[in-house]
Amino acid sequence: MKRPRYVAAITVVLFAGYCLRVIGLDAHPLWWDEAYTAVFANFTLLGIVTQLVPDHVPLHFYAESQWVRVAGPSIYALRYLSVILGMLTVALMHYLPRVCRLRPAALPATAALAVAPFAVYYSQEARMHVLWACLGLASLIALLRALKHPRQTGRWVAYGLLAVATLYSFYYSALFLIGINLPILLLKRVRSRAWLVSNAAAALALAPWLIYVGVRTVAYLPERLANGNDVTVPQFAGITLAALGSGLDGGAVAGLAAGVALLTAGLLVLPRLTRQI
């Protein structure tokens, strides 16, 4: 596609994605979890850290607290931060295929994410999920760029900082980071000391928070389980693992099947990815 046509096409895609995210942004009242965000948006960083339940990490709530100081506390303003992050994620999706030397995929990948109902939904919600998606995609791009130029320390520092931010946005982002680093772990030729140090530093940066919430969870988890139909800790862990694979209503078998399918797909794609490194 010629450059003027390409620029016109990507402009239309981005405009459509933006319109889908802002239309009706404040048409519905805040639901329970968004109201939780709205409450913590009025807290200081110290208040967020000391009052936040162990289920969450603090980055999103702190970002919202800083955002409402500028944009105001309205529903539209509270959710608009997610619109911005959602559009940044779309822009990063346009850049990712270029890093992977798959330029022809850039436009269709961007268009798919721009109009995807799932992505639009979370870009209209005052929750942490779109922040995690944005930081996770940025971490992947930073990692690929660092692997292409392994001697440039700045690129590894950028990846490490983004990985830390990703971990502090959503606990399950640890699984994502493991997933994008697993091919490197399996390939001796692309592993390096810088790769090991950047990932170890990211993990260590999360350690103080995990220790802090671990102490609080000792007292918090029994009460939480008692309010959840008296399930045991192993049952609670099983429900969580099943939900990761197939959703809360999918069941353990469906979750296992989905996990196997994703692993198989990853192994099939792995040879192609390794040729790009």
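Nothing here was measured: the structure is a model prediction, and the numbers come from that model.

The first and last C-alpha atoms of helix α8 (residues 129-148) sit 29 Å apart over 20 residues, in line with the 28 Å expected at 1.5 Å per residue. With 15 of 20 residues buried, α8 lies mostly within the body of the structure.

Taken together, the side chains of W31, W32 and Y121 present a nonpolar region at the surface, about 440 Å² in accessible area. Inspection of the secondary structure puts W31 in the loop between α1 (3-22) and α2 (32-40).

Another point: the confidence of the model for the protein. With 79% of its residues at a pLDDT of 70 or more, the protein has an overall mean of 86. Ranking the elements of the protein by mean pLDDT puts helix α13 (residues 251-276) last with 60 and helix α9 (residues 153-167) first with 96.

Once that is clear, we can look at α1. Under the 1.5 Å per step criterion, the end-to-end length of α1 is 28 Å for 20 residues, consistent within 8% with the ideal 28 Å. Listing the buried residues of α1 in full gives Y6, I10, V13, G17, R21 and V22. The arc that holds every buried residue of α1, seen down its axis, measures 155°, which confines them to one face. Residues of α1 that are exposed and point more than 90 degrees away from the buried face comprise P4, R5, V12 and F15. Buried residues along α1 sit against α5 (75-99), α6 (106-115) and α7 (117-122). Positioned one or two residues after α1, G24 has a phi angle of 70°, which is positive.

For the structure shown, the criterion picks out two salt bridges. Here D33 and R127 are joined by a salt bridge, their closest N and O atoms 3.7 Å apart. Remark: R127 occurs in the loop between α7 and α8 and D33 occurs in helix α2; sequence separation between them is 94 residues. Since its relative accessible area comes to 24%, D33 is described here as partly exposed. The class of R127 is buried, set by a relative accessible area of 4%.

Below, the discussion takes up the packing of α2 against helix α4 (residues 59-71). To describe two helices that pack against each other, one gives the angle between their axes and the distance between the axes. Orientation of α2 relative to α4, taken along the N-to-C sense of each, is 60°, at an axis distance of 8 Å. It follows from the interaxial angle that α2 and α4 lie oblique. Where α2 crosses over α4, the two elements pack in a sense that is right-handed. Residue-level contacts link Y36, T37 and F40 of α2 to H60, F61, E64 and S65 of α4.

Moving on: unusual backbone geometry. Positive phi values are uncommon outside glycine, yet R101 reaches one of about 60°. Among the secondary structure elements, R101 is positioned in the loop between α5 and α6.

How each quantity is defined
Residues numbered from 1 in each chain as written. Predicted model: local features only at pLDDT ≥ 70, side-chain atom pairs only at ≥ 80, totals over all residues. Heavy atoms only, no water. Helix = DSSP H or I, 4+ residues; strand = E, 2+ residues; numbered from the N terminus. Expected span 1.5 Å × (residues − 1). Buried < 20%, exposed > 50% of the residue type's maximum accessible area, 1.4 Å probe, protein only. Patch = residues over 30% accessible without salt bridge, like charges linked within 9 Å, V, L, I, M, F, W, Y side chains within 5 Å. Areas by Shrake-Rupley, 256 points an atom, 1.4 Å probe, with all protein chains shown as cover. Salt bridge = Lys/Arg side-chain N within 4 Å of Asp/Glu carboxyl O. pLDDT = per-residue confidence, 0-100. Arc of directions from axis to C-beta. Contact = heavy atoms within 4.5 Å. Axes fitted to C-alpha atoms, helices over the stretch in contact; angles between N-to-C directions. Parallel < 35°, antiparallel > 145°, perpendicular 65-115°, else oblique. Left-handed = near helix turned anticlockwise from the far one by under 90°.

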